[in-house]
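Survey of secondary and tertiary structure
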Amino acid sequence: MSEWSLSLHSAIAEIAPETWDACAGDDNPFVSHAFLSALEDSGSVGPRTGWLPRHAILRDPDGRVLAAAPLYGKSHSYGEYVFDHAWANAFEQAGGRYYPKLQLAVPFSPVPGPRLLIRPDAMADRAVIMRAFGGALMQACGELGLSSVHATFCEEAEQEALVADGWLPRLGLQYHWHNRDYRDFDDFLGALASRKRKSLRRERRDAQKCGLVFHTKCGDAITREDWRAFHRFYLSTIDRKWGSAYLSQSFFPMLSERLGDRVVLMTAEHDGVPVAGAMNLRGRDALYGRNWGCTGDWPFLHFELCYYRAIDFAIEHGLSRVEAGAQGEHKIQRGYVPVLTRSAHYIAHPGLRDAIESFLDAERPAIVAEAEELATFSPYRQDDAP
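Nothing here was measured: the structure is a model prediction, and the numbers come from that model.

1. Section: helix 2 (residues 33–41)
Counting buried positions over the 9 residues of helix 2 gives 8, a clear majority of the element. Three or more residues of helix 2 are buried, namely H33, A34, F35, L36, S37, A38, L39 and E40. Following helix 2 by one or two positions, G43 has its phi on the positive side, about 80 degrees.

Next comes the structure, spelled out in structure tokens:
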């Protein structure tokens, strides 16, 4: 371990795609070289948005790449979905400097997945490599004079390895749908309590009787015109939510070109005019809902396009789950159940670390209790609950 070396890279282009993807694998598209390079090459990640690539590569003494990690320097806390604004404000009010910091994450993507990407032929040493990687990031944090390193939406094993080195664990909540080998959407509905089943049928019926025509397209079937329309929908959603339009117009077609059939675009048209769209990415065993937007006011269109058609797609293609992104307790009534998400935080300043640790020690049981309480609102019949 003492002879392993960590290098930081200011662009994903500095790392060969085959080298990166040998570590990332093909399960989660968000950590692929194609996704991360599309973010950078489209200008969605970079100085404009305050996400500065510092991708990490861990090598053994012979120079062989053991692992990689998507890493960014940040001068703010936007686009992360694990909120630490209060930590930053408290530290700076006390005379400290919270920014810049390092973020081990996928920008603008609250998608759980691996963050310490280890080559399959090195997985026998996975625990040791994760500890070494975490230690190297802590050392880099100190040498660069930064306040902290944050691994967000990481896997449980990664969190445990980092916590063993003194990082602080944090929990969050999302809502995922699980496929129990359903034959079709009606078979899924059969697992719900009668009243909930009727409610979902009514929502689908009301959405579909508005004269809308729905399409699901993948890869080359998605046209430039589709992406231009989708970018308009994306901007309209950002405007309504008072958010920031991080993703540039060129990002979407670039991503589609690089990821091919792993990009799934669901659209709605009215009188031949696109009025809504939902972009998903397909992993080996999951469909990940990412961005959505619409023009006009259509009853239950969001539920139909983002949730129900995602379920249809997952059933048709034999995927085990749909991950519908951050927030949204309303997803529970539509078959999505609460799932814990994980992050780990290295805080360099001892006083700040102690304060955050006390906060997180109180927050974690509250998150677990919330997940358990929300699960009681499940629409599933008791004998069919996931």
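Having seen the structure, we can now continue with the description.
2. Notes on the side chain of S109
Note on placement: S109 falls in the loop between strand 6 (101–104) and strand 7 (117–118). Residue classification places S109 among the buried positions, given a relative accessible area of 4%. Within polar-contact distance, the side chain of S109 engages the backbone oxygen of P107 at 2.9 Å. In contact with S109, not counting residues within four places along its chain, are F30, F35, Y81, F153 and R290.

3. Concerning the sheet that holds strand 8 (residues 148–154)
Strand order in this open sheet of 11 strands is 2-5-6-8-15-9-14-13-12-11-10, and the pairing throughout is mixed. Two strands bound the open sheet, and with one partner strand each, they are strand 2 (51–53) and strand 10 (212–218). Averaged over all neighbouring strand pairs, the angle between strand axes comes to 30 degrees, with direction disregarded. Here 3 bridges tie strand 2 to strand 5 (residues 71–74), and the two strands are oriented antiparallel to one another. Looking across to strand 5, one finds that P53 is bridged to Y72. Most of the contacts of helix 10 (residues 301–316) go to strand 11 (residues 263–270), to which it runs at about 135 degrees, and overall it touches strand 9 (168–178), strand 10, strand 11, strand 12 (273–282), strand 13 (286–294) and strand 14 (321–326).

4. Quick word on the pairing of strand 12
Among the 10 residues of strand 12, 7 are classified as buried, and the element is accordingly described as predominantly covered. Bridging between strand 11 and strand 12 involves 8 bridges; their strand directions are antiparallel. The partner of M266 across the bridge, within strand 12, is A278. Hairpin geometry of strand 11 and strand 12 is characterised by an intervening segment of 2 residues between the two adjacent antiparallel strands and by a positive phi of about 55 degrees at D271. Where strand 12 and strand 13 come together, 7 bridges link them in antiparallel fashion. Its bridge partner lying in strand 13, G277 is registered against G293. What sits between strand 12 and strand 13 in their antiparallel hairpin is a turn of 3 residues.

Each value, and the rule that gives it
- Here the residue numbering is sequential within each chain, running from 1 through the sequence in written order.
- Since the coordinates come from a predicted model, pLDDT governs what is reported: local features require at least 70, and pairs of side-chain atoms require 80 or more to be given and counted, while whole-chain, interface and lining totals use all residues.
- Neither water nor hydrogens contribute to the side-chain values; these are computed over all heavy atoms in the structure.
- In this scheme, a residue with accessible area under 20% of its type's maximum is buried, one over 50% is exposed, and one in between is partly exposed, where area comes from a 1.4 Å probe on protein chains only.
- Counting from the N terminus, the helices are DSSP H or I runs at least four residues long and the strands are E runs at least two residues long.
- Under the rule applied, a polar contact is a pair of N or O atoms within 3.5 Å (in protein, one hydrogen donor and one hydrogen acceptor; residues adjacent in sequence only if both atoms are side-chain atoms).
- Residue contacts follow a heavy-atom distance rule, with two residues in contact if any of their heavy atoms lie within 4.5 Å.
- Being paired, for any two strands, means DSSP has found at least two bridges between them.
- Whenever a helix is involved, its axis is fitted only over the stretch in contact; in every case the axis is a line through C-alpha atoms, and angles between N-to-C directions fall within 0 to 180 degrees.

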